[in-house]
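One-letter residues, chain by chain:
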2 protein chains.
Amino acid sequence: MRAYNFCAGPAALPTAVLEKAQAELLDWRGKGLSIMEMSHRSKDYVAVAEKAEADLRKLMNIPENYKVLFLQGGASLQFSAIPLNLLGKNPKADYIHTGIWSEKATKEAQRYGDINIIEAGTKIDGKLAITEQSQWNLSNDAAYVHYADNETIGGIQFANIPETDKPLVSDFSSSILSAPLDVSKFGLIYAGAQKNIGPAGLTLVIVRDDLLDQAKPEIPSLLKYGSQAKNDSMVNTPATYAWYLSGLVFEWLLEHGGVEAMHKTNLEKSKLLYGYIDSSDFYNNPIAVQNRSIMNVPFTLADEALDKLFLQEAEENHLLNLAGHRSVGGMRASIYNAVPLEGVQALVNFMDDFAKRHG
Amino acid sequence: MRAYNFCAGPAALPTAVLEKAQAELLDWRGKGLSIMEMSHRSKDYVAVAEKAEADLRKLMNIPENYKVLFLQGGASLQFSAIPLNLLGKNPKADYIHTGIWSEKATKEAQRYGDINIIEAGTKIDGKLAITEQSQWNLSNDAAYVHYADNETIGGIQFANIPETDKPLVSDFSSSILSAPLDVSKFGLIYAGAQKNIGPAGLTLVIVRDDLLDQAKPEIPSLLKYGSQAKNDSMVNTPATYAWYLSGLVFEWLLEHGGVEAMHKTNLEKSKLLYGYIDSSDFYNNPIAVQNRSIMNVPFTLADEALDKLFLQEAEENHLLNLAGHRSVGGMRASIYNAVPLEGVQALVNFMDDFAKRHG
């Protein structure tokens, strides 16, 4: 049987998507071979790749002056690719710090440019929060402003899109497709696939046309957005199977009401879980209400000596991968699109039962 | 039904491997989730990843002073990563040209170093061949010597490993695991997975320990062999499903007698196909006998006006993807490990029948 999987990434995929992939794994649409055995330049495969892009454009309402790139290397390779692509004309960029991932992005960018760091983490009434934009020391002459919409490890998320007249560049690895988004407010959006899109090994970059040709001379050719855009992300062989699976996820999202419907369910899921945590003396979430992630919910138990038992009993109840990130400990429930409301309800039921027995 | 697939890459995978992947796609070993839904840092996944490496080490008899890296980006990203990793102390390298892929590697290396190009392509009695090493103008002070063992597009392969006291760096994308290889003769071997290893999206780098820390300062952090080696190829999330599938291919190879047994069959397959082509007035292969690839067999028809009909009839006979690379035209049969002898026999039977009807 399929368990409920709260892994932060690689993460749960919709069961219906995996069933479709399974059915056609050895013989794709009667062609006598697997989709993963096909040339990326074959007519059949190109149609699959193009449909995936078209469906994503529909889901996110991506304007025509943006390119969608299906790349490899994860968001972490984009930590290098972004400054290498965008700092060729102007070496300055603003990076907003709210957690571990935005810090990693900053450290890599500092190797290639003149980076102004804005510390935006604060504590309000003992809870972690993101400071108001009025307190940020943004530059007047940055080539772009970078932030991570949702910190997967910390479980802290921006309540609003920052306001700036500079190109806004944002890591949406753990929040893409979880809620409607006005893409036109961004210069560039990027996301590793392995949370809300598909399997690990694929990275989406949605980039505005005017940012395609500002690369630094030392950039590895394959990382150049301009060439990847010109070649439909096929400068070399892309991760064809991951691209195909992501396409199946996009079809599944469209069949289930798109991003709006997902957002509605994601709000229900997160309200259910945060609501239960807040009502309990046994569990605690460390994030201020306005910056709570609707995708990654970290929580601690009243007594951390019970952590191991909690994880063990959860697993026995088919509730998997609830351990917090190795750098912070505690628990974390990642409740991406593919985790259904029933899964969150089952988690809350288990948490309540556990608290009653051990609280 | 499964057809015979002669695609150059992404290429045929063993049917038994796909069947195993299919059986456990939704529920890996009763754990309630797909292997692609698991954290790359989970105990279960790490065991899968480590077994894949151990099996590859066994198959290729890789010495202990070599690291095996499971990376993303394809061989083409290695065209950048190799000079960025190896030219930090000495900017000079020798690149041997034998076709389109070695030329691409050279062009990218020229962006990072002082590259001595050795043109090693020649014609002997009208057939393409690789010149003797005695004719090469190798440098005395190169940081490394680069060549492509097998040119996938041209169908031209080195008969021997070049002799040098410099680190030998070689692209084995289309010939890795096709024949026994003395890894200790190399500084670095690299290969995109999508020909003889697994699905697209994974790249193997086998690199000698002393080459791990000679990187140039501008190298993107994720491309550094030293850090990837220290982190077991998990500096960030790797292409977990492609790694798993490659592990299944390695198991399949071990079950079928390993690289020695594959080589024996590959020699039979290539002898059968080249033998038939040479016996025919209707088909022609342009490569000198000593440099014929045992993996990629390009051939032309006596009348290229028949190409389209040939491809169409081949497909009707379940013989897929025989068109030559778009840059050269004609036909190409890629006969990697996963293409069985019966497939090559079926191809020869069809070719003979076609020639009799149209010759």
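Residues numbered from 1 in each chain as written. Chains lettered and ligands numbered in written order. Predicted model: local features only at pLDDT ≥ 70, side-chain atom pairs only at ≥ 80, totals over all residues. Heavy atoms only, no water.

- As annotated in an unreviewed UniProt entry, chain A carries the name Phosphoserine aminotransferase and is attributed to Acinetobacter wuhouensis.
- Reading the Subcellular location (unreviewed entry) entry of the UniProt record for chain A gives the comment "Cytoplasm".
- Per UniProt, chain A carries the Function (unreviewed entry) text "Catalyzes the reversible conversion of 3-phosphohydroxypyruvate to phosphoserine and of 3-hydroxy-2-oxo-4-phosphonooxybutanoate to phosphohydroxythreonine." (UniProt positions renumbered as here; feature names shortened; annotations may be inferred.)

### Digging into the interface of chain B and chain A
Item 1. Listed per partner, the contact involves 61 residues of chain B and 61 residues of chain A.
Item 2. Buried area between chain B and chain A, summed over both chains or domains, comes out near 4,600 Å², and the portion from carbon and sulfur atoms is 56%.
Item 3. Three residues stand out in chain B for area buried against chain A, namely B:Leu26, B:Met36 and B:Glu37, and they jointly supply 15% of the buried area on that side.
Item 4. The interface formed by chain B and chain A contains two salt bridges.
Item 5. Going through the elements one at a time, helix H1 (15-23), helix H3 (74-86) and helix H6 (240-255) of chain B are the ones with two or more residues in the side of chain B that touches chain A.
Item 6. Top element by residues in the side of chain B that touches chain A is H1(B). It accounts for six residues. (Contact = heavy atoms within 4.5 Å. Buried area = accessible area lost by both parts, 1.4 Å probe. Salt bridge = Lys/Arg side-chain N within 4 Å of Asp/Glu carboxyl O. Helix = DSSP H or I, 4+ residues; strand = E, 2+ residues; numbered from the N terminus.)

### So, the UniProt feature "binding site: pyridoxal 5'-phosphate" (unreviewed entry) in chain A
All names here are of chain A.
Item 1. Annotation from UniProt places "binding site: pyridoxal 5'-phosphate" (unreviewed entry) at Ala75, Ser76, Trp101, Thr152, Asp171, Gln194, Asn236 and Thr237. A maximum C-alpha distance of 30.5 Å shows the annotated residues, which cover 163 residues in sequence, to be distributed over more than one spot.
Item 2. Position of Thr152 relative to the elements: it lies in the loop between strand E8 (150-151) and strand E9 (156-157).
Item 3. Among the residues examined, Thr152 registers a relative accessible area of 5% and is labelled buried.
Item 4. Leaving out residues up to four positions away in the same chain, Thr152 has contacts with Ala8, Trp101, Ser174, Lys195, Asn296, Arg332 and Tyr336. (Buried < 20%, exposed > 50% of the residue type's maximum accessible area, 1.4 Å probe, protein only.)

### Notes on the sheet that holds strand E11 (residues 188-192) of chain A
Residues and elements named next belong to chain A.
Item 1. Read across the sheet, seven strands follow the order E2-E12-E11-E10-E7-E3-E4 without closing on themselves; strand pairing throughout is mixed. Looking at strand neighbours, the two that pair on one side only are strand E2 (66-71) and strand E4 (114-119), the edges of this open sheet. Neighbour-to-neighbour, the strand axes of the sheet open up by a mean angle of 15°, direction not taken into account.
Item 2. Where strand E3 (residues 92-97) lies against E4, six bridges are found, and the strand directions are parallel. (Pairing = 2+ DSSP bridges. Axes fitted to C-alpha atoms, helices over the stretch in contact; angles between N-to-C directions.)

### Some remarks on the side chain of A:Arg332
Residue and element names in this part refer to chain A.
Item 1. Residue placement: Arg332 occurs in strand E16 (residues 331-334).
Item 2. One buried charge, Arg332, has no salt-bridge partner; the nearest side chain with opposite charge is Glu151, at 8.7 Å.
Item 3. A polar side-chain atom of Arg332 sits 2.8 Å from the main-chain carbonyl oxygen of Thr152.
Item 4. Sequence-distant contacts of Arg332, that is, excluding residues within four places in its chain, are made with Phe6, Ala8, Thr152, Ile153, Asn296, Val297, Pro298, Asn321, Leu322, Ala323, Gly324 and His325. (Lys, Arg positive; Asp, Glu negative; His and termini not counted. Polar contact = N/O pair within 3.5 Å; in protein donor to acceptor, adjacent residues only side chain to side chain.)

### Remarks on the sheet that holds strand E3 (residues 92-97) of chain B
Residues and elements named next belong to chain B.
Item 1. Taken in spatial order, the seven strands make up an open sheet running E2-E12-E11-E10-E7-E3-E4, and their pairing is mixed. Bordering the open sheet on either side are strand E2 (66-71) and strand E4 (114-119), each of which pairs with just one other strand. Neighbour-to-neighbour, the strand axes of the sheet open up by a mean angle of 15°, direction not taken into account.
Item 2. Pairing of strand E10 (residues 168-171) with strand E11 (residues 188-192) involves three bridges; the strand directions are parallel. Its bridge partner lying in E11, Asp171 is registered against Tyr190.
Item 3. Along the sheet face, helix H4 (residues 100-110) touches E3, E4, strand E7 (144-148) and E11 and points at about 160° away from the line of E3.

### Observations concerning the UniProt feature "modified residue: N6-(pyridoxal phosphate)lysine" (unreviewed entry) in chain A
All names here are of chain A.
Item 1. As recorded in UniProt, the sites labelled "modified residue: N6-(pyridoxal phosphate)lysine" (unreviewed entry) are Lys195.
Item 2. Of note, Lys195 is situated in the loop between E11 and strand E12 (203-208).
Item 3. Excluding its chain neighbours within four sequence positions, the residues that come into contact with Lys195 are Ala8, Gly9, Ala11, Ala12, Thr152, Ser173, Ser174 and Tyr336.
Item 4. Polar contacts involving the side chain of Lys195 include one to the main-chain carbonyl oxygen of Ala8, which spans 3.0 Å.

### Considering the nonpolar core
Item 1. Counting 122 residues, the largest nonpolar core has A:Leu177, A:Phe250, B:Leu177 and B:Phe250 as its most contacted members.
Item 2. Setting aside its immediate chain neighbours within four residues, B:Leu177 contacts B:Leu56, B:Leu59, B:Met60, B:Asn196, B:Ile197, B:Phe250, B:Leu253, B:Val259, B:Met262 and B:Asn337.
Item 3. With 60 residues, the next largest nonpolar core counts A:Leu69, A:Ala109, A:Ala229 and B:Ala105 among its residues. (Core = buried A, V, L, I, M, F, W, Y, C linked by side-chain atoms within 4.5 Å.)

### Some remarks on H1(B)
Residues and elements named next belong to chain B.
Item 1. Those residues of H1 that sit buried are Val17, Leu18 and Ala21. The arc that holds every buried residue of H1, seen down its axis, measures 95°, which confines them to one face.
Item 2. Tucked inside the fold, the buried residues of H1 contact H6. (Arc of directions from axis to C-beta.)

### Focus on the pairing of strand E14 (residues 296-301) of chain A
Residues and elements named next belong to chain A.
Item 1. The element E14 is extensively covered by neighbouring structure, given that five of its six residues are classed as buried.
Item 2. In terms of strand pairing, strand E13 (residues 283-284) meets E14 through two bridges, oriented antiparallel. Each bridged residue has a counterpart across the sheet, and for Asn284 the counterpart in E14 is Thr300.
Item 3. In terms of strand pairing, E14 meets E16 through four bridges, oriented antiparallel. Considered in E16, the bridge of Phe299 is made with Met331.

### Overview of the domain arrangement of chain A
Residues and elements named next belong to chain A.
Item 1. Structurally, chain A comprises domain 1 (15-256) and domain 2 (257-358).
Item 2. A C-alpha centroid distance of 26 Å is found between domain 1 and domain 2.
Item 3. At the junction of the two partners, domain 1 supplies 29 residues and domain 2 supplies 29 residues.
Item 4. Across the domain 1/domain 2 interface, buried area totals approximately 2,300 Å², and carbon plus sulfur atoms make up 55% of it.
Item 5. Ranking the residues of domain 1 by area buried against domain 2 places Lys127, Ile153 and Gln157 at the top, with a combined share of 23%. (Domains from an automatic or database assignment.)

### A closer look at the packing of H3(B) against H4(B)
Residue and element names in this part refer to chain B.
Item 1. Two numbers describe how H3 lies on H4: the axes approach to 8 Å, and their chain directions differ by 45°. The angle between H3 and H4 places the two elements in the oblique class. As H3 runs across H4, the sense of the crossing is right-handed. Contacts between H3 and H4 pair Ser76, Phe79, Ser80 and Pro83 from the former with Trp101, Lys104, Ala105, Glu108 and Ala109 from the latter.
Item 2. Grouping the constituent residues of the contact of H3 with H4 by class yields five nonpolar, two polar and two charged. (Parallel < 35°, antiparallel > 145°, perpendicular 65-115°, else oblique. Left-handed = near helix turned anticlockwise from the far one by under 90°. Nonpolar A, V, L, I, M, F, W, Y, C, P; charged D, E, K, R; others polar.)

### Remarks on the relation of the copies chain B and chain A
For the pair of chain copies, the relating operation is a rotation around an axis with a shift along it.
Item 1. With an axial shift of 0.0 Å and an RMSD of 0.0 Å, the rotation relating chain B to chain A amounts to 180°. Such a combination of rotation and displacement between the chain copies is what one expects of a two-fold axis. Proximity to the rotation axis, assessed at the C-alpha, singles out B:Gln22 in chain B; its C-alpha lies 2.7 Å from the axis.
Item 2. The fraction of interface residues of chain B whose copies in chain A are also interface residues reaches 100%, indicating that both copies meet through the same surface. (Least-squares fit on C-alpha atoms with pLDDT ≥ 70 in both.)

### Describing the environment of B:Tyr241
Item 1. Within the element layout of this structure, B:Tyr241 appears in helix H6.
Item 2. If sequence neighbours within four positions are ignored, B:Tyr241 has contacts with A:Tyr241, B:Ala21, B:Leu25, B:Ile35 and B:Met36.

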